[in-house]
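Structure at a glance
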Amino acid sequence: MSCLPSPAPSLAQPWLVSPLLCCHLVKHSRERQGLEGWREVVSESDQAALAYCLPVSGLALGLELEWLDVEHREVAGILSSTFWTGGVLLLALAGYLIRDWRWLLMAVTLPCIIGILSIRWVPESARWLLTQGRVEEAQRYLLHCARLNGRPVGEDSLSQEALNKVSTGEQVVPRPSYLDLFRTPQIRHISLCCMVMWFSVNFSYYGLSLDLSGLRLNVYQTQLLFGAVELPSKLVVYLLVRRAGRRLTQAGALLGTALTFGIRLLVSSETSSWSTALAVIGKGFSEAAFTTAYLFTSELYPTVLRPTGIGLTALVGRLGGSLAPLAALLDGVWLSLPKLAYGGIALLATCTTFLLPETRQAQLPETIQDVERKSVQPGLQEEEMQVQN
């Protein structure tokens, strides 16, 4: 995005809208048929679009987190996102070396085939398999995982009878849909807040990438600079989510993004050094919000609705990204109006983030009932304390 010249708003919108439809396609296949559904989509649709959609929609991260314990979720989630940063940096080099756009498109698309082929060796989520009643497959994956980790397995801990009890005890939605995200109070609350958060994250991220006013850099230098700042940003996110938690980290990153846009309103575009510094700082904050949002959202939704929830938030996020170029056109009305729009939406999302529950050191919820039960527990604890007093 940052490599696009001045007419970028009109050209960038289709580029941002197409993943919106692709995310819905992959979400639909994932929730119905698991990884097998992904492979069918690969064979029936455009491979490049799917390869781009998988990391953006966050479905791959959701599958990854379901195989990890509480202590390693932060490391795996943020480490996975560094490959995005590596791609951003390599894109600047590839764009500089390959000037013909057709060959450039081929060069950046061919590596996606490796990612698509690797899906064959990715294990399905054992949690998801149990909620779907596929006990034998879940047992096979769990035993294989225990062998790889060198953990002893008791005769009864992973027996088919024990897993059958777990599977039958899960009250699952047989065919989850977007409507299931709004049927119960707590899931509805989480979905609405996440939609606002993801809209703002995409809207401000791509708005900042499009707003290159005051920067005295060419497109290749800008792409390289914006990619380089993402690495320290992810390191800071890793430290903060472990100590301050997901909610405070997400709110702080969004607030920093909003303040950056506000300060840029006070700085003249003629002062290129200040404009460049603020743009880099804002890019760091917006990337921190993006990285935290993937991890935070994956931990909020239960296993049975995680693909659906992440798919919905990805759709809303792509909507925000597709509107970012249109907001950039508001400078024809008032020069500062685009920055006010980007910063204002980020500030609104900052307040909304505080309405979400904290997920640090929390077990991933399995069912809708697990999420609803957590929202009731604080009230029950207060009542018990009052009774004891």
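An unreviewed UniProt entry lists the protein under the name Major facilitator superfamily (MFS) profile domain-containing protein, with Marmota monax as the source organism.

1. Thoughts on the overall build of the protein
The helix and strand inventory of the protein stands at 18 helices and zero strands. Taking all contacts inside the protein whose residues are at least 6 apart in sequence as the whole, residues at least 24 apart take part in 82%. Accessible area for the protein stands at about 19200 Å²; split by element, carbon and sulfur atoms hold 64% of it.

2. Regarding the packing of aromatic side chains
As enumerated under the stated definition, the model contains nine aromatic pairs in all. Both rings, one in Phe199 and one in Phe203, keep their centres 5.7 Å apart while their planes meet at 15 degrees; by these two values the pair is stacked. Taken together, the positions of Phe199 and Phe203, both in helix H11 (residues 185-210) and four residues apart, correspond to about one turn of that helix. Judged by centre distance (5.5 Å) and plane angle (40 degrees), the rings of Phe261 and Tyr342 are tilted. Taken together, the positions of Phe261 in helix H14 (residues 246-266) and Tyr342 in helix H17 (residues 337-353) put the pair 81 residues apart, joining distant regions of the chain. Its relative accessible area of 1% is what places Tyr342 among the buried residues. In this structure an aromatic cluster arises from ring pairing among Trp198, Tyr205, Tyr206, Phe290 and Tyr294. The ring of Tyr141 carries the charged tip of Arg140 above its face, separated from the ring centre by 5.6 Å.

3. Description of unusual backbone geometry
Positioned with a positive phi, Gln361 is a non-glycine residue whose angle comes to about 60 degrees. Position of Gln361 among the secondary structure elements: in the loop between H17 and helix H18 (368-388).

4. Quick look at the nonpolar core
The biggest cluster of nonpolar side chains holds 39 residues, and the ones touching the most others in it are Ile190, Cys194, Met197, Phe290, Tyr342 and Leu356. Broken down by secondary-structure element, the contributors of at least two residues to this core are H11, helix H13 (230-243), H14, helix H15 (272-300), helix H16 (306-328), H17 and H18. In terms of residues, this core owes the most to one element, H11, which gives twelve residues. Ranked by size, the runner-up nonpolar core spans eight residues in total, among them Leu129, Leu130, Ala138 and Leu158.

5. Describing the pattern of salt bridges
Across all of its chains, the model carries five salt bridges by this definition. Linking Arg134 and Glu137 is a salt bridge whose minimum nitrogen-to-oxygen distance equals 3.0 Å. A relative accessible area of 24% places Arg134 in the partly exposed class. By relative accessible area, Glu137 is classed as partly exposed at 23%. With a closest N to O distance of 2.7 Å, Arg183 and Asp180 form a salt bridge. The exposure class assigned to Asp180 is buried, which follows from its relative accessible area of 8%.

6. Some words on the environment of Ala107
Within the element layout of this structure, Ala107 appears in helix H6 (residues 101-109). Its relative accessible area of 34% is what places Ala107 among the partly exposed residues.

7. Re the packing of H13 against H15
In the contact formed by H13 and H15, the axes pass within 9 Å of each other and the chain directions differ by 50 degrees. The angle between the axes of H13 and H15 places the two elements in the oblique class. The interaxial crossing formed by H13 with H15 has right-handed handedness. Of the residues in H15, those in contact with Glu230, Ser233, Lys234, Val237 and Val241 of H13 are Lys283, Gly284, Glu287, Ala288, Thr291 and Thr292. Looking at side-chain class alone, the contact of H13 with H15 contains three nonpolar, four polar and four charged residues.

8. Let's talk about the UniProt feature "transmembrane region" (unreviewed entry) in the protein
The sites that carry the UniProt feature "transmembrane region" (unreviewed entry) are, in the present numbering, residues 75-97, 103-122, 190-208 and 220-241. Between the end C-alpha atoms of residues 75-97 there is a gap of 34 Å, over a span that is 100% helix and 0% strand.

Basis of the calculations
Residues numbered from 1 in each chain as written. Predicted model: local features only at pLDDT ≥ 70, side-chain atom pairs only at ≥ 80, totals over all residues. Heavy atoms only, no water. Helix = DSSP H or I, 4+ residues; strand = E, 2+ residues; numbered from the N terminus. Contact = heavy atoms within 4.5 Å. Areas by Shrake-Rupley, 256 points an atom, 1.4 Å probe, with all protein chains shown as cover. Phe/Tyr/Trp six-rings, centres within 6.5 Å; stacked < 30°, edge-to-face > 60°. Buried < 20%, exposed > 50% of the residue type's maximum accessible area, 1.4 Å probe, protein only. Lys NZ or Arg CZ within 6 Å of the ring centre and 35° of its normal. Core = buried A, V, L, I, M, F, W, Y, C linked by side-chain atoms within 4.5 Å. Salt bridge = Lys/Arg side-chain N within 4 Å of Asp/Glu carboxyl O. Axes fitted to C-alpha atoms, helices over the stretch in contact; angles between N-to-C directions. Parallel < 35°, antiparallel > 145°, perpendicular 65-115°, else oblique. Left-handed = near helix turned anticlockwise from the far one by under 90°. Nonpolar A, V, L, I, M, F, W, Y, C, P; charged D, E, K, R; others polar. UniProt positions renumbered as here; feature names shortened; annotations may be inferred.

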